[in-house]
Amino acid sequence: MSISRATAGALLTLRVGYGVALIAAPRRLTLRWLGPAAEDAPLQVALRALGAREVILHGGALLALMREEPIRPWLAASAVGDLTDVLATAAGRRRLPRGSTPATVAIGGGAALASMALTVAVDA
């Protein structure tokens, strides 16, 4: 396995773990991002769905990696998902806690850049 595919595997594993944690404890993981709204049960439904997206998308990519199938499409989809999170946060910035938008741009944007870099670097 190439270094780029091994790196992708590590990143994908972390993303699956994040998704599982988001499903299990949405409030705890998102309070700094969304503020008191993270405590609302209806919002936690959407946050758990976001966690499920992480598990399904990155779990599918891990499965493709283990089968030695192409993972570029999976990584590209991951980057697009992260960018939509950044854009949605930027759109709602006026009602979010102070510092939430720059942090989301840094974390979500960084995750998108990592996925894009790996999309370019992986051999298939």
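Refer to the structure above for everything that follows.
Residues numbered from 1 in each chain as written. Predicted model: local features only at pLDDT ≥ 70, side-chain atom pairs only at ≥ 80, totals over all residues. Heavy atoms only, no water.

(A) Region of the structure containing unusual backbone geometry. Phi is positive for Glu68, close to 60°, though the residue is something other than glycine. Looking at the element boundaries, Glu68 is found in the loop between helix 3 (41-66) and helix 4 (72-91). The class of Glu68 is exposed, set by a relative accessible area of 72%. (Helix = DSSP H or I, 4+ residues; strand = E, 2+ residues; numbered from the N terminus. Buried < 20%, exposed > 50% of the residue type's maximum accessible area, 1.4 Å probe, protein only.)

(B) Quick peek at the environment of Ala37. Relative to the helices and strands, Ala37 is located in the loop between helix 2 (26-34) and helix 3. A relative accessible area of 32% places Ala37 in the partly exposed class. Measuring from C-alpha to C-alpha, the distance between Ala37 and Pro97 comes to 10.0 Å, with 60 residues separating the pair along the chain.

(C) The arrangement of the pattern of salt bridges in detail. Evaluated as defined, the whole model comprises five salt bridges. With its nearest N and O atoms 3.3 Å apart, the salt bridge here joins Glu39 to Arg27. Within this pair, whereas Glu39 is found in the loop between helix 2 and helix 3, its partner Arg27 is found in helix 2, the two being separated by 12 residues in sequence. What makes Glu39 partly exposed here is its relative accessible area of 43%. Here Arg53 makes a salt bridge to Asp85, at a shortest N to O gap of 2.8 Å. (Salt bridge = Lys/Arg side-chain N within 4 Å of Asp/Glu carboxyl O.)

(D) Layout of the packing of helix 1 (residues 3-24) against helix 2. Two elements in contact, helix 1 and helix 2, have axes separated by 6 Å at closest approach and are oriented at 100°. With respect to each other, helix 1 and helix 2 are oriented roughly perpendicular. Only Pro26, Leu29 and Thr30 of helix 2 make contact with helix 1, whose side of the interface consists of Tyr18, Ala21, Leu22, Ile23 and Ala24. Residue classes in the contact of helix 1 with helix 2 are distributed as seven nonpolar, one polar and no charged. (Axes fitted to C-alpha atoms, helices over the stretch in contact; angles between N-to-C directions. Parallel < 35°, antiparallel > 145°, perpendicular 65-115°, else oblique. Contact = heavy atoms within 4.5 Å. Nonpolar A, V, L, I, M, F, W, Y, C, P; charged D, E, K, R; others polar.)

(E) Spatial organisation of a nonpolar patch on the surface. A cluster of nonpolar side chains, contributed by Leu83, Leu113 and Met116, occupies part of the molecular surface with about 260 Å² of accessible area. Examined against the element boundaries, Leu83 turns out to sit in helix 4. (Patch = residues over 30% accessible without salt bridge, like charges linked within 9 Å, V, L, I, M, F, W, Y side chains within 5 Å. Areas by Shrake-Rupley, 256 points an atom, 1.4 Å probe, with all protein chains shown as cover.)

(F) Representation of helix 3 within the structure. If you check helix 3, its first and last C-alpha atoms are 37 Å apart, about what 26 residues at 1.5 Å a residue would give, namely 38 Å. Within the sequence span of helix 3, burial applies to Gln44, Leu47, Leu50, Gly51, Glu54, Leu57, His58, Gly60, Ala61, Leu62, Ala64 and Leu65. If you follow the buried residues of helix 3, they end up packed against helix 1, helix 2 and helix 4. (Expected span 1.5 Å × (residues − 1).)

(G) Highlighting the nonpolar core. Within the largest apolar cluster, 11 residues are counted, these being Ala8, Leu12, Val16, Ala61, Leu62, Ala64, Leu65, Ile71, Leu75, Leu118 and Val122. Among the elements of the structure, helix 1 and helix 3 are those that each provide at least two residues to this core. Ranked by residues supplied to this core, first place goes to helix 3 with four residues. When sequence neighbours within four positions are dropped, the list of residues in contact with Ala64 reads Arg5, Glu69, Pro70, Ile71 and Trp74. The next biggest cluster of nonpolar side chains, apart from the first, holds seven residues, and it includes Leu22, Trp33, Leu50 and Leu96. (Core = buried A, V, L, I, M, F, W, Y, C linked by side-chain atoms within 4.5 Å.)

Just geometry here; none of it tells us what the structure is for.
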